[in-house]
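Fold and geometry: a report
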Amino acid sequence: MYKYFPHTEEDLQVMLNRVGIDSVDDLYSDIPEAIRFRRDYNLPEALSEVEIRRLFDTIANYAVGGPLTVFAGAGIYDHYSPSVVQNIIERSEFLTSYTPYQAEISQGTLHYIFEYQSMMAELTGMDISNASMYDGATATAEAAMMAFANAKKADTVLLSSTLDPKVRRVVETYAKYHGICIELISDENGVTSKANLEARLLQGGVAGVIVQQPNYYGVVEDYTGFADIIHEQKALFIVNSIAADLAVLKTPGEWGADIAVGDGQSLGIPMSFGGPGVGYMCCTEKLIRKMPGRIVGLTKDNRDQRAFVLTLQAREQHIRRQKATSNICSNQSLMALWVTVYLSLMGKQGLKEAGELSYAGAHYMCDELLKTGHFQLKYQQPFFNEFCVIYDGDVDALQRECTDAGFMAGVKIDDHTIMFAVTEQRSKDEIDELVDLITTYSSH
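Described below are features of the structure shown in this document.

Cut-offs and rules
- Residues numbered from 1 in each chain as written.
- Predicted model: local features only at pLDDT ≥ 70, side-chain atom pairs only at ≥ 80, totals over all residues.
- Heavy atoms only, no water.
- Helix = DSSP H or I, 4+ residues; strand = E, 2+ residues; numbered from the N terminus.
- Buried < 20%, exposed > 50% of the residue type's maximum accessible area, 1.4 Å probe, protein only.
- Contact = heavy atoms within 4.5 Å.
- Areas by Shrake-Rupley, 256 points an atom, 1.4 Å probe, with all protein chains shown as cover.
- Lys, Arg positive; Asp, Glu negative; His and termini not counted.
- Charge placed at Lys NZ, Arg CZ, Asp CG, Glu CD.
- Patch = residues over 30% accessible without salt bridge, like charges linked within 9 Å, V, L, I, M, F, W, Y side chains within 5 Å.
- Salt bridge = Lys/Arg side-chain N within 4 Å of Asp/Glu carboxyl O.
- Pairing = 2+ DSSP bridges.
- Disulfide = S-S within 2.5 Å.
- Core = buried A, V, L, I, M, F, W, Y, C linked by side-chain atoms within 4.5 Å.
- Axes fitted to C-alpha atoms, helices over the stretch in contact; angles between N-to-C directions.

**Structural notes on the overall build of the chain**
Along its length, the chain carries 13 helices and 17 strands. Projected onto its principal axes, the C-alpha coordinates of the chain cover approximately 80 × 55 × 55 Å. Scored against the burial criterion, the 444 residues of the chain give a buried share of 48%. For the chain, restricting intrachain contacts to residue pairs at least 6 apart in sequence, the fraction spanning at least 24 positions comes to 69%. Surface summary for the chain: the accessible area is close to 23,200 Å², and the carbon and sulfur share equals 52%. Between the centroid of the 37 positive side chains of the chain and the centroid of its 59 negative side chains there is a distance of 8 Å.

Spelled out as C-alpha cells, the structure:
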C-alpha cells in the first residue's frame with residue numbers, strides 16, 4: 001500500500017465488494033488493452049524532506065550569486081510586497097477556506113472579497129467589479145465573450161495588434177469554440193491604428209474591441225475618441241491594463257471603457273516563476289448581468305446588522321449550463337485577498353509613489369542605454385516603466401552574458417529588440433551596474 005493512503009487492504013476489499021467487483025483493475029476493464037499505458041512513469045525517485053528542500057533551494061538559486069536581479073516584465077513584474085501581506089494570508093482561516101456558499105458562516109471571506117471589489121472598481125474607474133478571476137488572459141477572453149453575448153447580431157471581436165501575444169492566443173482559443181470571429185487591428189509606430197479601427201467598424205458586425213494600456217511594448221497609448229467610434233457601432237470598448245499602473249495612468253473608466261480587465265499580479269503578488277496571478281474584471285453597471293463569476297453584495301441581516309452575501313451568480317454551478325454566462329468556477333480568492341491586503345497597506349499615495357519610482361527608473365535606464373551608442377528606441381512614443389530598444393549586437397549572447405552576471409536583462413521581442421522593465425524595486429546602483437556590464441560587453 002502507499003504509505004500516505006489511509007485505506008487498508010481490508011478497507012479496499014469492503015469497497016470493492018460493495019460495488020460488485022473483484023479488484024481495482026476491474027474499474028478499467030472497459031478500456032481497450034491497446035491504448036493502456038504499460039510502461040513505468042518517467043518520475044524521479046522519492047526524496048526525503050531534506051533532499052526536497054535542498055532541491056528547491058538549488059532551483060531558486062540557479063543564477064550565479066543567487067536569484068537574478070529582474071529587469072524583465074511582459075506581464076509579470078517584480079514589485080515590492082510588504083512582508084505582513086504573506087503573514088496575513090497564511091493564517092489558516094484564509095489559507096484553507098473554501099468557496100463561501102453558506103454566507104452565514106463565511107462573513108470574513110465575503111467581507112474581504114467585497115473590499116477587493118470596491119478597491120478594484122475605484123482603481124479602474126468602473127462601476128462594478130466581480131470577485132476576481134483566474135488571470136488576466138482568461139479575464140480578457142471572458143470579456144470578449146461578454147461582448148459577443150451583449151451583441152444582437154455581431155459576431156466579431158477586434159483585437160489590437162499591440163495586445164500581449166500571450167493574451168491574444170487565449171482569447172483566440174476561447175473564441176474558436178464559441179463561434180466568435182477574431183480580427184486584428186494593425187498598429188502604427190507601436191500604437192493601435194485608429195484609422196484602421198474606424199474603417200473596420202464601419203463595415204459592421206463588430207461586437208467588441210480590445211486594446212491594452214500600457215500596451216505589450218510598454219507604450220502608453222492615447223485612446224481619445226476610441227469609445228465614441230466604438231459605441232457608435234453598438235460595440236463594447238474593452239481595455240486590458242496592468243493593474244498597478246492605473247494608480248498613475250488614466251483609468252479605463254476615464255477612457256470610456258465598458259469593461260476593464262487585466263492581471264492583478266503587479267499589486268504585490270510575487271513573480272513565483274510566472275504565477276499564480278489574479279484576473280480582475282470591472283464593468284459599467286448596465287453590463288452587470290452579463291458579467292461572469294460572482295459578485296459579493298452588502299446587505300443587512302434580521303438584526304439590522306451589516307452582512308455580506310453572494311449575489312448574481314450567473315455561473316454554471318448555480319444555473320443550467322446552457323444559460324450560464326461562463327464556466328469559470330473559481331475566483332482566485334486567496335490571491336484576491338493578497339491584493340486587498342496589499343492595497344490596504346500601500347494606500348493611494350503608496351501605490352502612486354511606487355508607480356512614479358518605476359516610471360523614473362525606466363526613463364533613467366533608457367537614457368543611459370541610449371548613451372552607450374549600442375541601442376536606439378524602437379518606438380518614439382511615451383512609455384511608463386517598460387520600453388523596447390533595438391540592439392546593434394547579438395541579443396541572445398547579450399542576455400546570456402547578463403544572466404551569468406546575475407541579471408535578467410529584459411525580454412527578447414525579436415532578433416534585434418529587447419524590452420526592459422523597471423519597477424520601484426530597482427535601485428540606481430543596480431541600473432548603473434547593468435548598463436556598465438552591457439557597455440563593457442558590447443564594446444568588445
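From this point on, the discussion continues.
**Notes on a positive patch on the surface**
Positive charge collects at one region of the surface, where K152, K234, K286 and K290 lie side by side. Relative to the elements of secondary structure, K234 occurs in the loop between helix 9 (226-232) and strand 8 (236-241).

**Structural notes on the pattern of salt bridges**
Per the counting criterion, the structure on display carries 15 salt bridges. Between R303 and D301 there is a salt bridge, and its shortest N-O distance comes to 3.7 Å. The class of R303 is exposed, set by a relative accessible area of 63%. With a shortest N-O distance of 3.1 Å, D396 and K412 are connected by a salt bridge. Here D396 is found in helix 12 (residues 395-404), whereas its partner K412 is found in strand 16 (residues 411-414), with 16 residues between them in sequence. The exposure class of D396 is partly exposed, given its relative accessible area of 33%. By relative accessible area, which is 32% here, K412 ends up partly exposed. One continuous salt-bridge network, built from bridges that share partners, spans D78, R426 and E430.

**What to know about unusual backbone geometry**
The step from Q213 to P214 runs through a cis peptide bond, and the omega angle for that step is -15 degrees. Along the chain, the position of P214 falls in the loop between strand 7 (206-213) and helix 9. Positioned with a positive phi, S132 is a non-glycine residue whose angle comes to about 80 degrees. Locating S132 in the fold gives a position in the loop between strand 2 (128-129) and helix 6 (136-150).

**Quick notes on the side chain of T124**
With respect to the helices and strands, T124 occurs in helix 5 (residues 107-124). Leaving out residues up to four positions away in the same chain, T124 has contacts with L246, T251, P252, G253, A260, Y280 and C282.

**Concerning the pairing of strand 9 (residues 259-263)**
Among the five residues in strand 9, four count as buried, and that is most of the element. Relative to strand 9, strand 8 runs parallel, the two sharing three bridges. Pairing of N240 across the sheet is with V261, part of strand 9. Bridge count for strand 9 against strand 10 (residues 279-283) is five bridges, and the pairing is antiparallel. Residue pairing for strand 10: V261 is matched across the bridge by M281.

**Some points on the state of the cysteines**
Between two cysteines, a covalent bond joining their sulfur atoms is known as a disulfide. On inspection of all chains with the given rule, the structure shows zero disulfides. With no disulfide of its own, C283 has C282 as its nearest cysteine by sulfur position, at a separation of 7.7 Å. Considering cysteine sulfurs only, C388 is the nearest to C366, which forms no disulfide, with 10 Å between them.

**Thoughts on the nonpolar core**
In terms of nonpolar packing, the biggest core is built from 35 residues, with M120, L267, Y280, V339 and Y342 touching the most fellow members. Broken down by element, this core gets its largest block of residues, eleven residues, from helix 11 (residues 333-371). Apart from residues no more than four positions distant in its own chain, Y342 is found in contact with Y80, S81, P82, V85, S266, L267, G268 and L351.

**Details of the pairing of strand 14 (residues 386-391)**
Among the six residues of strand 14, five are classified as buried, and the element is accordingly described as predominantly covered. As defined by bridge partners, strand 13 (residues 375-377) adjoins strand 14 across three bridges and the pair is classed as antiparallel. Directly across from F375, in strand 14, lies its bridge partner Y391.

**Focus: the sheet that holds strand 17 (residues 417-421)**
Strand-to-strand pairing in sheets goes through backbone hydrogen bonds, with the strands running parallel or antiparallel. On the basis of which strands lie adjacent, the open sheet formed by four strands has the order 13-14-17-16 and antiparallel pairing. Either end of the sheet is taken by a strand with one partner, and the two such strands are strand 13 and strand 16. Neighbouring strand axes in the sheet, compared pairwise and without regard to direction, differ in orientation by 35 degrees on average. Sheet analysis places strand 14 next to strand 17, joined by five bridges and oriented antiparallel.

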